[in-house]
Amino acid sequence: GAKGDLAGRRVVISAGGTREAIDPVRFIGNRSSGLQGYALARTALARGAEVTLVAANVGLPDPAGARVVRVESAVQLRDAVLAAAGEADVVVMAAAVADFRPVSRATTKIKKTSDDPDPIYLTKNPDILAELGEVRRERRQDGKPYAEVLVGFAAETDDVLANGRAKLARKGCDLLVVNQVGENLAFGRPDNAATVLIADGDPVEIPRGPKEDLAGIVWDLVAARLV
Ligand code: C5P
């Protein structure tokens, strides 16, 4: 992609992995490092975009020139992404968002007082990408623009194409970057491989390579959809 082909475009990128508090010191989390989301942010900045990076628990330096909003939980990530999405041309949901969170957060550290620990009850988190897809669908019906290009990421272990296609439709996004996970987890690694599913086109295979290269191909596909 040409440098500057995202000039003036406002993009929102979520990165990292959410943490759902159990008590003041403990949480339910995941192994996402934020490397792919940060690579997307750096690449977009280099191509001229205005970048808002919503970072969930990422231990990486802020990309120079990005507006970085730090969040912890899925609900906080949702609020930050939705607040920025109204002004955005592109939203890329690269963050690993917890599907569930504890129903309540203990106000004090849970003690190991009995041999029988209390269960932790979970409740569903909002699906942020699906919500963005739904808001956009409604706004388009009213003839109003909203997040022209919506991109999701998905890790699949089996039936990658069929599961990915169904997910793309369910979430109402334009591109879904599907990682096949298994023994070769992408988490914390500098490289990645994926298949990009496109709502109205043929899938694009991205061979294993640096996360920066994958990011570049994603922005090429995004730029081609921006009018
Ligand atoms: O359904 P699944 O978690 O596989 O979908 C992954 C995609 O959906 C990612 O882009 C992720 O950021 C987004 N997602 C979300 N809200 C959730 C769960 C996932 O936006 N609660």
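In the block above lies the structure referred to throughout.
Being a predicted model, the structure only gives us computed values, none of them experimental.

## Observations regarding the packing of helix α2 (residues 74–85) against helix α3 (residues 128–141)
Two quantities define a packed helix pair, namely the angle between the helix axes and the distance between the axes.
Part 1 of the argument: In contact at an axis separation of 10 Å, α2 and α3 are set at 30° when each is read in the N-to-C sense. Here α2 is positioned roughly parallel relative to α3, judged by the angle of their axes. Crossing of α2 against α3: the hand is right-handed. On the side of α2, the interface is formed by Ala74, Leu77, Arg78, Val81, Leu82 and Ala85, while α3 contributes Ile128, Glu131 and Leu132.
Part 2 of the argument: In the contact of α2 with α3, the residues fall into 7 nonpolar, no polar and 2 charged.

## Details of the environment of Met93
Part 1 of the argument: Its location among the elements puts Met93 in strand β6 (residues 90–93).
Part 2 of the argument: Given the relative accessible area of 5%, Met93 is considered buried.
Part 3 of the argument: Here the alpha-carbon distance between Met93 and Ile128, two residues 35 residues apart in the chain, equals 8.5 Å.
Part 4 of the argument: Once you skip the residues sitting within four places of it in the chain, Met93 turns out to touch Ser14, Leu77, Val81, Ile128, Leu129, Leu132, Val151, Gly152 and Phe153.

## What about the pattern of salt bridges?
Part 1 of the argument: Taken as a whole and judged by the stated rule, the model has 14 salt bridges.
Part 2 of the argument: Across the pair Arg47 and Asp220 runs a salt bridge whose closest N-O atoms are separated by 2.8 Å. Here Arg47, found in the loop between α1 (35–46) and β4 (50–56), pairs with Asp220, found in helix α5 (residues 211–225); they are 173 residues apart in sequence, far enough to count as distant.
Part 3 of the argument: Given the relative accessible area of 32%, Asp220 is considered partly exposed.
Part 4 of the argument: Close ionic contact of Asp174 with Arg136 constitutes a salt bridge, the shortest N to O distance being 3.0 Å. Here Arg136 lies in helix α3 and Asp174 lies in the loop between α4 (160–171) and β10 (175–180), a separation of 38 residues in the sequence.

## Some thoughts on the site of the ligand
Part 1 of the argument: Neighbouring the ligand are Met93, Ala95, Val97, Asp99, Pro126, Asp127, Ile128, Leu129, Gly152, Phe153, Lys167 and Lys171.
Part 2 of the argument: Phe153 is positioned with one of its backbone polar atoms (N or O) 2.9 Å from an oxygen atom of the ligand.
Part 3 of the argument: About the coverage of the ligand: the protein hides 87% of its 450 Å² of free accessible area.
Part 4 of the argument: Taking a 2 Å distance to the grid points as the criterion, the majority of the atoms of the ligand fall inside the largest pocket.
Part 5 of the argument: In terms of residue class, the shell around the ligand is built from 7 nonpolar, 1 polar and 4 charged.

## Details of the side chain of Asn192
Part 1 of the argument: Considering the arrangement of structural elements, one finds Asn192 in strand β11 (residues 191–198).
Part 2 of the argument: Only 3.2 Å separates the side chain of Asn192 from the side chain of Gln36, close enough to count as a polar contact.
Part 3 of the argument: Within the structure, the side chain of Asn192 is placed 3.5 Å from the side chain of Asn179, a separation counted as a polar contact.

## A closer look at the packing of α1 against α5
Part 1 of the argument: Contact geometry of α1 with α5 gives a least axis separation of 8 Å together with a crossing angle of 55°. Taken as axis vectors, α1 and α5 run oblique relative to one another. As α1 runs across α5, the sense of the crossing is right-handed. Every residue of α5 that contacts α1 at Leu35, Gln36, Ala39, Leu40, Arg42, Thr43 and Ala44 is listed here: Lys211, Glu212, Leu214, Ala215, Gly216, Val218 and Trp219.

## Comments concerning the pairing of strand β9 (residues 149–156)
Part 1 of the argument: Burial within β9 is extensive, with 7 of its 8 residues counted as buried.
Part 2 of the argument: As paired elements, β6 and β9 share 4 bridges and run parallel to each other. In the sheet register, Val91 faces β9, and the bridge partner there is Leu150.
Part 3 of the argument: As paired elements, β9 and β10 share 6 bridges and run parallel to each other. Bridge pairing links Gly152 to Leu176 in β10.
Part 4 of the argument: Regarding topology, α4 serves as the crossover connection from β9 to the parallel β10, and that connection is right-handed.

Here is what the cut-offs are and how they apply
- Sequence order sets the numbering: in each chain, residues are counted from 1 along the sequence as written.
- With the structure being a predicted model, the display of local features is reserved for residues of pLDDT at least 70 and the display and counting of side-chain atom pairs for 80 or more, all residues being used for whole-chain, interface and lining totals.
- Excluded from the side-chain calculations are hydrogens and water; all other atoms, namely the structure's heavy atoms, are used.
- Under this scheme, a helix contributes an axis fitted over its contacting stretch, all axes are lines through C-alpha atoms, and angles between N-to-C directions fall in the 0 to 180 degree range.
- Strands here mean DSSP runs of E at least two residues long; helices mean DSSP runs of H or I at least four residues long; both are numbered from the N terminus.
- If an angle is under 35 degrees, it is roughly parallel; if it is over 145, roughly antiparallel; if it lies from 65 to 115, roughly perpendicular; otherwise it is oblique.
- Whether a crossing is left-handed or right-handed is set by the direction in which the near helix is turned from the far one by less than a right angle, anticlockwise for left-handed and clockwise for right-handed.
- Contacts are assigned to residue pairs with any non-hydrogen atoms lying within 4.5 Å of each other.
- We call Asp, Glu, Lys and Arg charged. Ala, Val, Leu, Ile, Met, Phe, Trp, Tyr, Cys and Pro are nonpolar, and the rest, Gly among them, are polar.
- Burial classes: relative accessible area under 20% of the type maximum marks a residue as buried, over 50% as exposed, and values in between as partly exposed (1.4 Å probe, protein chains only).
- Between Lys or Arg on one side and Asp or Glu on the other, a salt bridge is scored when a side-chain nitrogen of the former is within 4 Å of a carboxyl oxygen of the latter.
- Any residue with a non-hydrogen atom lying within 4 Å of a molecule or strand is treated as near it.
- Polar contact is the term for a pair of N or O atoms within 3.5 Å; when the atoms are in protein, one must be able to donate a hydrogen and the other to accept it, and sequence-neighboring residues count only if both atoms are side-chain atoms.
- Note on areas: these come from Shrake-Rupley sampling with a 1.4 Å probe, and a residue is covered only by the protein chains present in the view.
- Buriedness of a pocket was judged along seven lines, with at least five required to meet protein on both sides within 12 Å; pockets are open sets of points on a 1 Å grid over the protein atoms alone, cavities are sets where a 1.4 Å probe fits but cannot get out, and lining residues have an atom within 4 Å of a point.
- The rule for placing a molecule in a cavity or pocket is simple: more than half of its atoms must lie within 2 Å of the grid points.
- Two strands qualify as a pair provided that DSSP identifies no fewer than 2 bridges between them.
- Here a crossover is taken to be right-handed if, once the strands point away from the viewer, the path from the first strand over the helix to the second is traced clockwise.

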